[in-house]
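The primary structure of each chain is shown beneath.
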Amino acid sequence: MRIAVLTGGGDAAGLNAAIRSVGRHALRGGDEVVGVLNGWAGLLGDGDTRPLDEAALLGALRLGGTLLGSSRTNPLRIDDGIAQVEAAMAAHRIDALVAIGGDDTLSVAARLAERGAHVVGIPKTVDFDLAVTEYCIGFDSAVAIVAESLDRLHTTAASHHRVMVCEVMGRDTGWLAVMGGIAGGADLCLIPEFPLHLDEIVARIAARDAQGKTSSIIVVAEGAQIAGLTAEAGGPADAFGHQNLARRALGERLADAIESANGHESRATVLGHVQRGGSPVATDRIWPSRLGMAAVDAIRADTTGVAAAVVANAEQLVPLGDLVAEQKRVPAPIYQVFEALS
Ligand code: F6P
């Protein structure tokens, strides 16, 4: 069998571990492996693939990014896009495809499978907003970066007696902010799921000031809505209709608003793509290794339209549609852990 693998959407630490696992497991079982370059863009038109052999996968485990490249190209938004993907798969003699990505990439994979292609997914997103699966490639590494960044902000905040606002990724959900905030001991966490009015934020900082706490750390998800605060418009939408939320300058606006409301000197830090770069933590090597093998096993069992996900702390095949049916949002008990300990 000739098995292809692609990575779509934003990159994340651990993608190469998954590619290596798919590649090695398939090759060692006697299958041929090709990499699709730059996400779905590599299956449009003539297609763009390259053979993956043992040499190509050497050293991939610990590398950040994706050795295949990625893009936010959406075949569902292109005339004949899905037909082009099917034609490119045929032209490149691809019998089965492993698509590694988040809701956008997996939605395209689900459509392909519905139309009869042999497709298996693997969940990846630093936003951690896919339903059902307990694990998404890249999230744990990103949380570790947020936590370390907050540690560093604590010391400079304390030295200068400042409020430090740390803006993190999270388009529609606040997983990175709340988990990073718990791990890094932030004092206030602003996420889409539990909105706070600007007046409440200013009041909480004032209360800390009154208690003699001269510095504060606020972690804010880029997609949070803060009533009473005017944020910039987001940047232009990508092929999946998502705006570039970093352009809202939410963190910067919030720091300014706090400083003008209560006079407490404030600074903003935007972690941005630092959260997606660099080497994966151990869990973002171990789970991708396990899920890559599970995906190849699913293909060999002739299963299609599923993702190799983590359920009850074990590999499980889940219908692709279930992962993207709804967004997993931060539940109250997790937010309460943050609130109780901050
Ligand atoms: O893929 C999700 C994500 O990391 C979001 O949290 C963020 O808003 C977006 O990607 C940034 O995307 P880009 O790399 O296209 O700027």
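In this text, all values refer to a predicted model and were calculated from it rather than measured experimentally.

S.K.: Explain the sheet that holds strand β6 (residues 163–168) to me, using residue names and the numbers behind them.
M.R.: The strands that make up a sheet pair up through hydrogen bonds in the backbone, lying either parallel or antiparallel. Ordered in space as β7-β8-β6-β9, the four strands form an open sheet in which the pairing is parallel. Bordering the open sheet on either side are β7 (188–190) and β9 (266–270), each of which pairs with just one other strand. Neighbour-to-neighbour, the strand axes of the sheet open up by a mean angle of 20 degrees, direction not taken into account. Direction of pairing for β7 relative to strand β8 (residues 216–221): parallel, over a ladder of three bridges. Considered in β8, the bridge of Cys189 is made with Val219. Set on the sheet, helix α8 (residues 250–262) makes contact with β6, β7, β8 and β9; between it and β9 the angle comes to about 170 degrees.

S.K.: I'd love a proper account of the domain arrangement of the protein chain, names of residues and values included.
M.R.: When its domains are assigned, the protein chain resolves into domain 1 (2–138 + 279–324) and domain 2 (140–275). Facing the 18 residues of domain 1 at the interface are 15 residues of domain 2. Taking both partners together, domain 1 and domain 2 bury about 1,400 Å²; carbon and sulfur atoms supply 52% of that area. Three residues, Arg72, Asp104 and Asp127, lead the burial of domain 1 against domain 2; their summed loss comes to 37% of the area buried on that side. The tally of links from domain 1 across to domain 2 stands at one salt bridge. On inspection of domain 1 and its partner domain 2, the count reaches nine residue pairs in polar contact (both at pLDDT 80 or more).

S.K.: Describe the pairing of strand β10 (residues 306–311), and please don't skip the residues or the numbers.
M.R.: The buried count for β10 comes to six of six residues, which makes it a mostly enclosed element. Alternating residues of β10 divide into Val306, Ala308 and Val310 and Ala307, Ala309 and Val311, and every residue in both groups is buried. Bridge count for strand β5 (residues 119–123) against β10 is two bridges, and the pairing is parallel. When the sheet's bridge partners are listed, Gly121 is paired in β10 with Ala307. Across six bridges, β10 lies against strand β11 (residues 314–319) in antiparallel orientation. Paired with Ala308 across the bridge in β11 is Leu317. Hairpin connection, β10 to β11: the antiparallel pair is bridged by two residues, and Ala312 has positive phi, about 55 degrees.

S.K.: Before we move on, could you go through the pattern of salt bridges and cite the residues and values that matter?
M.R.: Counted under the stated rule, the structure contains 14 salt bridges. A salt bridge links Glu54 to Arg24; the shortest N-O distance between them is 3.7 Å. Separated by 30 residues along the polypeptide, Glu54 in helix α2 (residues 54–57) and Arg24 in helix α1 (residues 15–28) bring together distant segments of the chain. Judged by its relative accessible area of 29%, Glu54 is partly exposed. A salt bridge links Arg204 to Glu200, with the shortest nitrogen-to-oxygen separation between them at 2.9 Å. With a gap of four residues between them, Arg204 and Glu200 both fall in helix α7 (residues 198–210), about one helical turn apart. Judged by its relative accessible area of 33%, Glu200 is partly exposed. Overlapping salt bridges bring together Arg24, Arg28 and Glu54 as one network.

S.K.: So, the site of the ligand: which residues are in play, and what are the values?
M.R.: All residues in the neighbourhood of the ligand are listed as Arg72, Val126, Asp127, Met169, Gly170, Arg171, Glu222, His273 and Arg276. Asp127 is positioned such that a nitrogen or oxygen atom in its side chain is 2.6 Å from an oxygen atom of the ligand. Here the ligand has 400 Å² of accessible area as a free molecule, and 80% of this is covered by the chains. When grouped by side-chain class, the residues that make up the shell around the ligand number two nonpolar, two polar and five charged. Counting residues domain by domain, the shell around the ligand receives three or more from each of domain 1 (2–138 + 279–324) and domain 2 (140–275).

Criteria and thresholds
- Residues numbered from 1 in each chain as written.
- Predicted model: local features only at pLDDT ≥ 70, side-chain atom pairs only at ≥ 80, totals over all residues.
- Heavy atoms only, no water.
- Pairing = 2+ DSSP bridges.
- Helix = DSSP H or I, 4+ residues; strand = E, 2+ residues; numbered from the N terminus.
- Axes fitted to C-alpha atoms, helices over the stretch in contact; angles between N-to-C directions.
- Contact = heavy atoms within 4.5 Å.
- Domains from an automatic or database assignment.
- Buried area = accessible area lost by both parts, 1.4 Å probe.
- Salt bridge = Lys/Arg side-chain N within 4 Å of Asp/Glu carboxyl O.
- Polar contact = N/O pair within 3.5 Å; in protein donor to acceptor, adjacent residues only side chain to side chain.
- Buried < 20%, exposed > 50% of the residue type's maximum accessible area, 1.4 Å probe, protein only.
- Near = heavy atom within 4 Å.
- Areas by Shrake-Rupley, 256 points an atom, 1.4 Å probe, with all protein chains shown as cover.
- Nonpolar A, V, L, I, M, F, W, Y, C, P; charged D, E, K, R; others polar.

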